[in-house]
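Results of the structural survey
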Amino acid sequence: MSSTDFTATPGIEQFLQVLATGERSFVCNTFQPNLNRAIFGGQTLGLAQAAADRTVAEGFWPHMLQMNFVAAGRIDTPIEMDVEFIQESRRFASRLVRLSQAGRLIATASVSYHRGEKGFDHAADAPVAPPPEDLRCLRTLGADFHDELNELSRRVVAYHGAGAEIRPVDPESLLLRTTETPHLRYWIRNQCPTPPAPREQYALLAYLSDSWFGMTVLLPHRPHKFNDDMFLSSLNHTVWYHTHDLHTDDWLLVDAESPAACHGRGLTLGRVYDRN
């Protein structure tokens, strides 16, 4: 079986360490709280990917992660992960991961793998965007826009400036005003002290995929996206992987849009591109 062990570092990797408690069971004892003092959804996504990876043989690569969030995770209780084998063949494998705390289910995830084989290739062109070197990171934006942001927005910007570095293409639309369409672009990367191993990159991308992505729904509706009158959380989240050469420690461009919002729910779809 593969070995996806994240080293204990001050970066994101420390929140994705899964310790084996059995052949198909794992635990994580390090938590990243969100501003509501629950476990950050990106950590839950990344842990499900990392736990499933530990049960799959080398040569299989993730191609899909789909999670249903059942309940908010507590930051004072170990997260237990039980992995069930759903499919195991020469070319494909799939796993069902149940994440719980003290017997309380908080999420379920389906993770699929493929060995990869020769076939047709095509990919959509990346959208035109300024390079990340020409853009400001969230911490800088928080300082530059300090007097224009409300208190909760300042806290959110400071929180999301840790672990992952994010540079919005149009920061004024994201933080200060509404837009005509729910369309968001930003560069993101993992601020890791050492390059992660190839298989570790997928859990890291799962973690990063929950950062700011859901804000896309709010762009046409609120100049200040964060306030005490609204609670935003994920119900389900899916990631499709289309490469065996993933590098979350280099800049990735997220191009997100929201085709629908109604009845207190919103849908966001996005594509992630590397710099090539």
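Residues numbered from 1 in each chain as written. Predicted model: local features only at pLDDT ≥ 70, side-chain atom pairs only at ≥ 80, totals over all residues. Heavy atoms only, no water.

**So, the pattern of salt bridges**
What counts here: By convention in these notes, a salt bridge is any Lys or Arg side-chain nitrogen within 4 Å of a carboxyl oxygen on Asp or Glu. A simple rule labels every residue: compare its accessible area, found with a 1.4 Å probe on the protein chains alone, to the largest value its type can have, and call it buried under 20%, exposed over 50%, or partly exposed in between. Think of it this way: any DSSP run of H or I at least four residues long counts as a helix, any run of E at least two long counts as a strand, and we number them from the N terminus.
The tally for this structure, following the rule as stated, stands at 13 salt bridges. Its salt-bridge partner being D76, residue R74 comes within 2.8 Å of it at the nearest N-O pair. Among the residues examined, R74 registers a relative accessible area of 46% and is labelled partly exposed. Here E165 ties to R189 by a salt bridge, and the two come within 3.0 Å at their closest N and O atoms. Here E165, found in strand 7 (residues 164-168), pairs with R189, found in strand 8 (residues 183-190); they are 24 residues apart in sequence, far enough to count as distant. Taken together, the salt bridges that share partners define one network made up of R136, D144 and E172.

**Things to note about the sheet that holds strand 11 (residues 265-274)**
How we decide: When DSSP finds two or more bridges between a pair of strands, those strands are recorded as paired. Interaxial angle, 0 to 180 degrees, is taken between N-to-C directions of lines fitted to C-alpha atoms, where a helix line uses only the stretch in contact. Note on contacts: a residue pair is in contact if any heavy atoms of the two residues lie within 4.5 Å.
Taken together, the four strands give an open sheet; going across it, the order is 7-8-10-11, and neighbouring strands pair in antiparallel fashion. On the outer flanks of this sheet lie strand 7 and strand 11, each paired with one strand and no other. Strand-to-strand, the axes of this sheet are offset by a mean angle of 30°, without reference to chain direction. Strands strand 7, strand 8 and strand 10 (252-262) of the sheet are contacted by helix 5 (residues 200-208), whose axis makes an angle of about 140° with strand 8.

**Focus on the pairing of strand 9 (residues 236-240)**
Here strand 9 shows one buried face, formed by H237 and V239, and one open face, formed by N236, T238 and W240. Bridge count for strand 3 (residues 61-69) against strand 9 is five bridges, and the pairing is antiparallel. What sits directly across from N68, in strand 9, is N236.

**Some remarks on the sheet that holds strand 1 (residues 19-20)**
As summarised here, the arrangement of the seven strands in space is 1-2-4-5-6-3-9, forming an open sheet in which the pairing is antiparallel. A strand with exactly one partner marks an edge of an open sheet, and here the two such strands are strand 1 and strand 9. Across eight bridges, strand 3 lies against strand 6 (residues 104-114) in antiparallel orientation. Along strand 6, the bridge assignment pairs L65 with V111. Docked against the sheet, helix 1 (residues 41-53) engages strand 2 (25-28), strand 3, strand 4 (79-88), strand 5 (92-101), strand 6 and strand 9, running at close to 135° with respect to strand 3.

**Quick word on the packing of helix 1 against helix 5**
Note the cut-off: Relative orientations are named as follows: roughly parallel for angles under 35 degrees, roughly antiparallel for angles over 145 degrees, roughly perpendicular for angles from 65 to 115 degrees, and oblique for any other angle. Left-handed describes a crossing in which the near helix is turned anticlockwise from the far one by less than a right angle; the clockwise case is right-handed.
Axis separation between helix 1 and helix 5 bottoms out at 7 Å; the angle between their running directions is 160°. When the axes of helix 1 and helix 5 are compared, the pair comes out roughly antiparallel. Crossing of helix 1 against helix 5: the hand is right-handed. Along its contact with helix 1, which presents G42, Q43, L45, G46, Q49 and A50, the element helix 5 presents Y202, A203, A206 and Y207.

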